[in-house]
Amino acid sequence: MMSFNPKKVFSRILSYLKILGKEIESIDEDKFAILVKEKIDGGTHRILVQLYTSGWISTRALLVRNETLNRLGGNSCLVLRYLLQTSYRAAEFKFAMDEMGNIYITEDIHISALTFDAFDEEYHAIPAAIKEFKERIKPEIEHLIATDFEIV
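Okay, so let's go over this structure. Note that the coordinates shown come from a computational prediction; the quantities given were computed from them, not determined experimentally.

### Some details on the nonpolar core
Judged by nonpolar contacts, the single largest core of 43 residues is most densely connected at I13, F133 and F149. When residues in this core are grouped by element, the largest group, 10 residues, is from helix α4 (residues 116-145).

Laid out in structure tokens, this is it:
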């Protein structure tokens with residue numbers, strides 16, 4: 001395991017976000033987490049950037065609340081299957097589910113690759129994925145399950 005100073009890496013991530021002109025909503029220095037407000041297609045989304053002691057930086061945004069999947073009943077399996085297949089084909093992002101059943105779009109970068117250019121590209125994969133989700137994936141899911149599908 002590579003040894004690194006998490007406070008220095010966290011400070012660098014914070015400075016990168018400031019250079020990018022991002023609106024920072026909150027900073028949790030104890031958890032090395034930064035919550036960013038991002039405007040995407042007329043809506044506001046919150047993107048979490050978090051450094052882990054394993055040396056990975058995770059960038060994620062909530063897409064679908066567990067309540068939405070619960071309302072779909074058996075159709076939720078079709079949605080999850082579709083999202084897994086989409087993740088397999090996606091080069092820049094992946095879907096993930098937390099322990100409460102919420103679905104996120106995620107992108108990770110290892111600190112060994114942490115340059116401004118790499119961070120910029122990895123961070124902006126999340127807003128691009130949200131936009132793609134709204135424009136392409138959500139309509140395909142709605143067609144698949146024959147009902148409206150609520151996203152965050």
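### Overview of the pairing of strand β3 (residues 43-51)
As paired strands, strand β2 (residues 33-40) and β3 are joined by 8 bridges and run antiparallel to one another. Residue pairing in the sheet places K39 in a bridge with T44 of β3. The antiparallel pairing of β2 with β3 creates a hairpin that spans 2 residues between the two strands, and D41 there sits at a positive phi of about 50°. Hairpin geometry of β3 and strand β4 (residues 56-64) is characterised by an intervening segment of 4 residues between the two adjacent antiparallel strands and by a positive phi of about 100° at G55.

### Examining α4
The end-to-end C-alpha distance of α4 is 41 Å, a good match for the 44 Å that 30 residues give at a rise of 1.5 Å each. Immediately downstream of α4, the backbone of A146 shows phi near 55°, a positive value.

### Quick look at the environment of K7
Mapped onto the elements of the fold, K7 is located in helix α1 (residues 6-19). Between the C-alpha atoms of K7 and L51, which are 44 residues apart in sequence, the distance is 9.6 Å.

### Looking at the sheet that holds strand β1 (residues 23-28)
Whether parallel or antiparallel, the strands of a sheet pair through hydrogen bonds between backbone atoms. Taken together, 6 strands build an open sheet; the order of strands is β1-β2-β3-β4-β6-β5 and the sheet is antiparallel. Strands with a single pairing partner mark the edges of an open sheet, and in this sheet they are β1 and β5 (94-97). Taking the axes of each pair of neighbouring strands and ignoring which way they run, one obtains an average angle of 30° across the sheet. Of the strand pairs in this sheet, β3 and β4 are connected by 5 bridges, and their pairing is antiparallel. By the bridge assignment, Q50 is partnered in β4 with S58. Sheet strands in contact with α4 are β2, β3, β4, β5 and β6 (103-110), and its direction is about 160° off that of β6.

### Describing the pattern of salt bridges
Following the criterion strictly, the structure yields 9 salt bridges and no others. D41 is the partner of K131 in a salt bridge, and the nearest nitrogen-oxygen pair spans 3.7 Å. A residue pair is termed long-range when its members are at least 10 positions apart, and K131 in helix α4 and D41 in the loop between β2 and β3 qualify at 90 residues. Judged by relative accessible area, which is 43%, D41 ranks as partly exposed. A salt bridge links R71 to E150, with the shortest nitrogen-to-oxygen separation between them at 3.1 Å. Taken as a pair, R71 in helix α2 (residues 66-72) and E150 in the segment after α4 lie far apart in primary sequence, 79 residues in all. On the basis of relative accessible area, R71 is assigned to the exposed category, the value being 58%. Through salt bridges with shared partners, a single ionic network connects D41, K131 and E135.

What counts, and at which threshold
Residues numbered from 1 in each chain as written. Predicted model: local features only at pLDDT ≥ 70, side-chain atom pairs only at ≥ 80, totals over all residues. Heavy atoms only, no water. Core = buried A, V, L, I, M, F, W, Y, C linked by side-chain atoms within 4.5 Å. Buried < 20%, exposed > 50% of the residue type's maximum accessible area, 1.4 Å probe, protein only. Helix = DSSP H or I, 4+ residues; strand = E, 2+ residues; numbered from the N terminus. Pairing = 2+ DSSP bridges. Expected span 1.5 Å × (residues − 1). Axes fitted to C-alpha atoms, helices over the stretch in contact; angles between N-to-C directions. Contact = heavy atoms within 4.5 Å. Salt bridge = Lys/Arg side-chain N within 4 Å of Asp/Glu carboxyl O.

Function-wise, these values are silent; they only describe arrangement.
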